[in-house]
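# Topology and contacts: notes
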Amino acid sequence: MSNLAKNYNRKKISFKKGKGSYLFSNKGKKYLDFVQGIAVNSLGHAHPKLIRVLNNQSKKLWHVSNAFIIPEGEQLAKKIAKKTFADFVMFQNSGAEATEAAIKVARKYFYSIGKPNKNRILCIKNSFHGRTLATIYASGSKKMTEGFGPKVSGFDHFNFGDHKSLKKLITKNTAAVMIETIMGEGGIKVIPDWCLKDLRKLCNQKKILLILDEVQCGIGRTGDFFAFEKSKVKPDIVPIAKGIGGGFPVAAVLMNKKVASGMTPGTHGSTFGGNPLAMQVSNTVFDIISNKVFLNNVKKNSSYFHKELNKIKDKYPKIIKEVRGRGFLIGLQLYGDQTDFIKRLMDNKLLTIRAAENVVRVLPPLNVKKNEIDQALRIIKKVCSEIY
Ligand SMILES: Cc1ncc(COP(=O)(O)O)c(C=O)c1O
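What counts as what
Residues numbered from 1 in each chain as written. Predicted model: local features only at pLDDT ≥ 70, side-chain atom pairs only at ≥ 80, totals over all residues. Heavy atoms only, no water. Helix = DSSP H or I, 4+ residues; strand = E, 2+ residues; numbered from the N terminus. Rg over C-alpha atoms; globule rule 2.2 N^0.38 Å. Buried < 20%, exposed > 50% of the residue type's maximum accessible area, 1.4 Å probe, protein only. Contact = heavy atoms within 4.5 Å. Areas by Shrake-Rupley, 256 points an atom, 1.4 Å probe, with all protein chains shown as cover. Lys, Arg positive; Asp, Glu negative; His and termini not counted. Charge placed at Lys NZ, Arg CZ, Asp CG, Glu CD. Near = heavy atom within 4 Å. Polar contact = N/O pair within 3.5 Å; in protein donor to acceptor, adjacent residues only side chain to side chain. Nonpolar A, V, L, I, M, F, W, Y, C, P; charged D, E, K, R; others polar. Pairing = 2+ DSSP bridges. Axes fitted to C-alpha atoms, helices over the stretch in contact; angles between N-to-C directions. Parallel < 35°, antiparallel > 145°, perpendicular 65-115°, else oblique. Left-handed = near helix turned anticlockwise from the far one by under 90°. Expected span 1.5 Å × (residues − 1).

## A look at the overall build of the protein chain
For the protein chain, the helix and strand inventory stands at 13 helices and 17 strands. Expected size for 388 residues packed as a compact globule is a radius of gyration near 21 Å; at 21 Å, the protein chain falls within 12% of this value. Each principal axis of the C-alpha distribution contributes one length, and for the protein chain these read about 65 × 55 × 50 Å. Put simply, the protein chain has 388 residues, and 55% of those count as buried. Put simply, of all contacts in the protein chain between residues at least 6 apart along the chain, 70% involve residues at least 24 apart. Total accessible area on the protein chain stands at roughly 18600 Å², and carbon and sulfur atoms take up 55% of it. Across the protein chain, the centroid of the 67 positively charged side chains sits 1 Å from that of the 29 negatively charged ones.

This is the structure in structure tokens:
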């Protein structure tokens, strides 16, 4: 009997090692891992550079308090500021922490300019921003909040695509709109570029902040370092996590100079956030992924994957309804429930994971090889042919 709490519905399989795009089970079976810890292992399993940097740092210094200067974090923040919209970075450990801290940054900014009542955050209904008390209420999903009352107030919700109610819900008390640039758990729903542009304009008009949650869709997953870059929109605050640690728990809130002005000493903190071990790994992940050649390769390989998946969709139009997403954040929306399809893929040694709206999420590592994509395509095709 397991003594772990029963809050996960775990598949009856465990793994003893991973290498690149592959996982090896305790029963000696080899799986193509297109889950990668749900978009976490951005460079696959056991990347030699990450192993080296982790080993080296582990012999020097693991952890010091944020009461002291941490040069490894200073270095990473400088690189992020140089290459992105952000002027300042606040390191955290998980996506939920980062999104919750993003909310704090937005509220504290308005408080610091004498507008303490401007504190409400407008989010998409049934989005996903994490599992802390505030972030479940930010997500606005009944399933996630049921039983966890009393309600954390301060959040308003509009339905995906309902621009009328989005506009209507912005009041004098609204501090920010917070959305995922591409909704991950919600079914790999891309917010179109024109929407992001209009949203930025609206936020400027109403003098409110734009928070883009890039925890799942950021860090090279779409072929741009951030998913929002394609739209040329500049957000005010961006929580990141998952891919930035390549498997090591790292998260951060990125912000522009204006909003960062509210974050004075003592306003936020984290014991572990930004420790030397995490920062050294993350520096290496950032160096690899933020490289233009690397990102172009993600674009090239992922567009091949999308093209071939669409061919499978066209061949099996009664099974696959839509190939969703961008880059290597891919969703196969099925007509029916996806449980059996995911099981069949797994029986054929391809690991994928579900998302809402009957979606099978396909999340290869960003450095996946073409022959591994081809292997996945063969398995997906085989499963479609079996159930056709
Ligand atoms: C968009 C988004 N935000 C926040 C989170 C929460 O991240 P974590 O599970 O690291 O707390 C997730 C996790 O899936 C996510 O996809």
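And the narrative resumes.
## Examining the site of the ligand
Close to the ligand lie S94, G95, A96, F128, H129, G130, E180, E185, D213, V215, Q216 and K242. Between E185 and the ligand, the recorded distance is 3.5 Å, taken from a side-chain N or O atom to an oxygen atom. Of the residues that constitute the shell around the ligand, the class distribution is three nonpolar, five polar and four charged.

## Concerning the pairing of strand β12 (residues 251-255)
Summarising burial for β12: five of the five residues are buried, a large majority. Where burial is concerned, the two faces of β12 agree: the one with A251, V253 and M255 and the one with A252 and L254 are both buried. Looking at chain direction, strand β4 (residues 88-92) and β12 are connected through five bridges and run antiparallel. Across the sheet, residue Q92 finds its bridge partner in β12, namely A251. Pairing of strand β11 (residues 237-240) with β12 involves four bridges; the strand directions are antiparallel. Residue I240 lies in a different strand from β12, and its bridge partner there is A252.

## Points about the packing of helix α3 (residues 71-83) against helix α10 (residues 276-289)
Close contact between α3 and α10 brings their axes to 8 Å; oriented N to C, the two are set at 30°. If you check the angle between α3 and α10, you find them roughly parallel. Every pair of crossing elements has a handedness; the one defined by α3 and α10 is left-handed. Taking contact as the criterion, the partners of E72, G73, Q75, L76, K79, I80 and K83 in α3 are, on α10, P276, M279, Q280, S282, N283, F286 and D287.

## Description of unusual backbone geometry
In this structure, the amide linkage connecting G149 to the following residue, P150, adopts the cis form with an omega of 5°. For P150, the position within the fold is in the loop between α6 (142-145) and β6 (155-158). Although it is not a glycine, I219 adopts a positive phi angle of roughly 60°. Along the chain, the position of I219 falls in the loop between β10 (209-213) and β11.

## Here we look at helix α8 (residues 193-206)
In this model α8 runs 20 Å from its N-terminal to its C-terminal C-alpha over 14 residues, within 8% of the 20 Å that 1.5 Å per residue would give. Every buried residue of α8 is accounted for by D193, C195, L196, L199, R200, L202 and C203. Residues of α8 that are buried in the fold lie against α7 (163-169), β7 (174-180), β10 and β13 (320-326). One or two positions beyond α8, positive phi appears at K207, with a value near 55°.

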